[in-house]
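# Residue-level structural notes
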Amino acid sequence: MSEQHSTDHGFSTRAIHAGQEPDAGTGAVITPIFQVSTYKQDGIGGFRGGYEYSRSANPTRTALEECFAALEGGARGFAFSSGLAGQDTVLRALLAPGDHVVVPNDAYGGTYRLFNKVLTAWGVEHSIAPMGDLEAVRAAIRPGSTKILWVETPTNPLLGIADIAALAELAHEAGALLVVDNTFASPYLQQPLSLGADIVTHSTTKYCGGHSDVVGGAVVVGREVSVPGFADAADRVAFHQNSMGAVAGPMDAWLVLRGLKTLALRMEKHSDNAERVVEFLQGHPAVSAVHYPGLESHPGHEVAKRQMKRFGGMISFQVRAGEDVAVKVCGETQLWTLGESLGGVESLIEHPARMTHASVAGTELEVPADLIRLSVGIEDVDDLIADLGQALDRLG
Ligand SMILES: Cc1ncc(COP(=O)(O)O)c(C=O)c1O
């Protein structure tokens, strides 16, 4: 990537150009899909452009990794085969048995499962805290052994907000890193590294890919990781990415690269549509609560306003009549497709307690049974409101 793209240009210019010069051999304007595992060497060790074997590096993946670093304002980007693969790689690169992590009380269920069911077996301990409550986070820190504060903001599925700058300060005082899962906001709406975070992770399956046609992950390590013992964080993630091997394949890297080019446009439209849907839900008698950080009544609204460009396309709401009706509403919409995942151009509806968050049932992270989660797409919003309305009017 030319340094120019990382510093001089606006977000969409970087999304379209960073890491993506026209192909040197053919002039192809779009980075080709280098569907290749190995590379001809000009004599042993004579690598062309540093490429030797595609687990270690592949030109399509390099383009995506450089683009991500430019979009998040970081030192180095890494592309993975899924969001969880990226998270696992970061955690195993930076932690050792006996280390401790503070984890949000409403983290994505799969992230929590990674801590609760996988990393505990390797001697990594965790405590759960509401990340919006700085005193609770401070109390959860174990001086000397807490090495990471893990934050999602906004959270999945309750749209909780955490103050990234304040948590970065807390983490650094304790000699720990702040890692932010930026999946819900996307790099267009929120830039955690500029607020003091050390590492950002994404499920690129969501807004970055944007079309529900790829599973992927990204990690960006900040320019200055000044916490003693972690100055080499980017090198450690690079070493573990290659050693553990959960890399993004060339086709998947290309799909995410293409998605990023329209990220700004899509996020504006997702946010416009979500604001209208929130307004509709607030006025509907079947709805008992609406969770959206753009609402002035949301407890994290002021922080969200400070750290996000807009409030995004994710909404959750609760229905007055309880769980059975929430489940039925999810099955009665036509345009809103019943399905897991989020962040695509099409609108999705789901019941977190029985679907995305079933793995946290019975834990401190259990979600309300009357909760419905919406991923608001970029269709015509009047059609979306009419469809949701007919389901709520009939069942609510
Ligand atoms: C906030 C968040 N982080 C991480 C993940 C995991 O990403 P993936 O499914 O790509 O492994 C998800 C998936 O839903 C998510 O919503």
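Cut-offs and rules
- Residues numbered from 1 in each chain as written.
- Predicted model: local features only at pLDDT ≥ 70, side-chain atom pairs only at ≥ 80, totals over all residues.
- Heavy atoms only, no water.
- Helix = DSSP H or I, 4+ residues; strand = E, 2+ residues; numbered from the N terminus.
- Rg over C-alpha atoms; globule rule 2.2 N^0.38 Å.
- Buried < 20%, exposed > 50% of the residue type's maximum accessible area, 1.4 Å probe, protein only.
- Contact = heavy atoms within 4.5 Å.
- Areas by Shrake-Rupley, 256 points an atom, 1.4 Å probe, with all protein chains shown as cover.
- Lys, Arg positive; Asp, Glu negative; His and termini not counted.
- Charge placed at Lys NZ, Arg CZ, Asp CG, Glu CD.
- Pairing = 2+ DSSP bridges.
- Axes fitted to C-alpha atoms, helices over the stretch in contact; angles between N-to-C directions.
- Phe/Tyr/Trp six-rings, centres within 6.5 Å; stacked < 30°, edge-to-face > 60°.
- Domains from an automatic or database assignment.
- Buried area = accessible area lost by both parts, 1.4 Å probe.
- Salt bridge = Lys/Arg side-chain N within 4 Å of Asp/Glu carboxyl O.
- Polar contact = N/O pair within 3.5 Å; in protein donor to acceptor, adjacent residues only side chain to side chain.
- Nonpolar A, V, L, I, M, F, W, Y, C, P; charged D, E, K, R; others polar.
- Near = heavy atom within 4 Å.

This brings us to the overall build of the protein chain. Along its length, the protein chain carries 14 helices and 12 strands. At 21 Å, the protein chain has a C-alpha radius of gyration in line with the 21 Å of a compact globule built from 396 residues. Principal-axis analysis of the C-alpha atoms places the extent of the protein chain at approximately 70 × 50 × 35 Å. The proportion of buried residues among the 396 residues of the protein chain is 56%. Considering only residue pairs separated by 6 or more positions, the protein chain has 72% of its internal contacts joining residues 24 or more positions apart. As displayed, the protein chain offers around 15700 Å² of accessible surface, 52% of which is attributable to carbon and sulfur atoms. Side chains of the protein chain give 29 positive and 47 negative charges; the mean places of these two sets differ by 4 Å.

Let us look at the sheet that holds strand E1 (residues 76–80). Within a sheet, neighbouring strands are paired by backbone hydrogen bonds and run either parallel or antiparallel to one another. Spatial strand order, E1-E7-E6-E5-E4-E2-E3: seven strands in an open sheet with mixed pairing. Whereas interior strands pair on both sides, the edge strands pair on one side only; in this sheet they are E1 and strand E3 (125–129). When strand polarity is set aside, the average angle formed by the axes of neighbouring strands in this sheet is 20°. Sheet topology note: the strand E6 (residues 199–203)/strand E7 (residues 217–221) ladder contains five bridges and is antiparallel. The residue bridging Thr201 from the neighbouring strand is Val219, located in E7. Sheet strands in contact with helix H4 (residues 83–94) are E1, strand E4 (146–152), strand E5 (177–181), E6 and E7, and its direction is about 155° off that of E6. Set on the sheet, helix H9 (residues 233–244) makes contact with E1 and E7; between it and E1 the angle comes to about 25°.

On to the packing of aromatic side chains. By the definition in use, this model includes four aromatic pairs. Centre to centre, the rings of Phe115 and Trp150 are 5.7 Å apart; their planes meet at 75°, and the pair counts as edge-to-face. Linking Phe115 in helix H5 (residues 109–118) with Trp150 in strand E4, this pair joins segments that are 35 residues apart in sequence. Across this residue pair, the class does not change: Phe115 and Trp150 are buried.

Right, let's get into the domain arrangement of the protein chain. For the protein chain, the assigned domains read domain 1 (3–261) and domain 2 (265–395). With centres defined by C-alpha atoms, the gap from domain 1 to domain 2 works out at 26 Å. Taken together, the 37 residues of domain 1 in the interface contact 40 residues of domain 2. With both chains or domains summed, domain 1 and domain 2 bury close to 3100 Å², and 63% of this area falls on carbon and sulfur atoms. Area buried by domain 1 at its contact with domain 2 is led by Tyr188, Leu189 and Tyr207, which between them contribute 24% of it. On inspection of domain 1 and its partner domain 2, the count reaches one salt bridge. Here Asp163 and Arg306 are joined by a salt bridge, their closest N and O atoms 3.1 Å apart. Counting the contacts that link domain 1 with domain 2 gives 13 residue pairs in polar contact (both at pLDDT 80 or more). Residues belonging to the side of domain 1 that touches domain 2 are distributed by class as follows: 20 nonpolar, 13 polar and four charged.

Take the site of the ligand next. Taken together, 13 residues lie around the ligand, and Gly83, Asp181, Ser203, Thr205 and Lys206 are the ones closest in. Contact between the ligand and Asn156: an oxygen atom at 3.0 Å from a side-chain N or O atom of the residue. Calculation on the ligand without its partners gives an accessible area of 390 Å², and the protein chains cover 90% of this total. Looking at which element gives the most residues to the shell around the ligand, the answer is H4, with three residues. A per-class count over the shell around the ligand returns two nonpolar, eight polar and three charged.

What follows concerns the sheet that holds strand E8 (residues 287–291). In spatial order, the strands read E8-E9-E12-E11-E10; together these five strands make up an open sheet with mixed pairing. Both edges of this open sheet fall to E8 and strand E10 (337–338), since each of them pairs with a single strand only. Of the strands in this sheet, E8, strand E9 (314–319) and strand E12 (371–375) are in contact with helix H11 (residues 263–282), which crosses E9 at around 10°.

The tally for this structure, following the rule as stated, stands at 18 salt bridges. Close ionic contact of Arg138 with Glu173 constitutes a salt bridge, the shortest N to O distance being 3.8 Å. Of this pair, Arg138 sits in helix H6 (residues 134–140) while Glu173 sits in helix H7 (residues 164–173), placing them 35 residues apart in sequence. Accessibility expressed as a relative area gives 58% for Glu173, which makes it exposed. Within this structure, Glu268, Asp272, Glu275 and Arg310 form a network of salt bridges that share partners.

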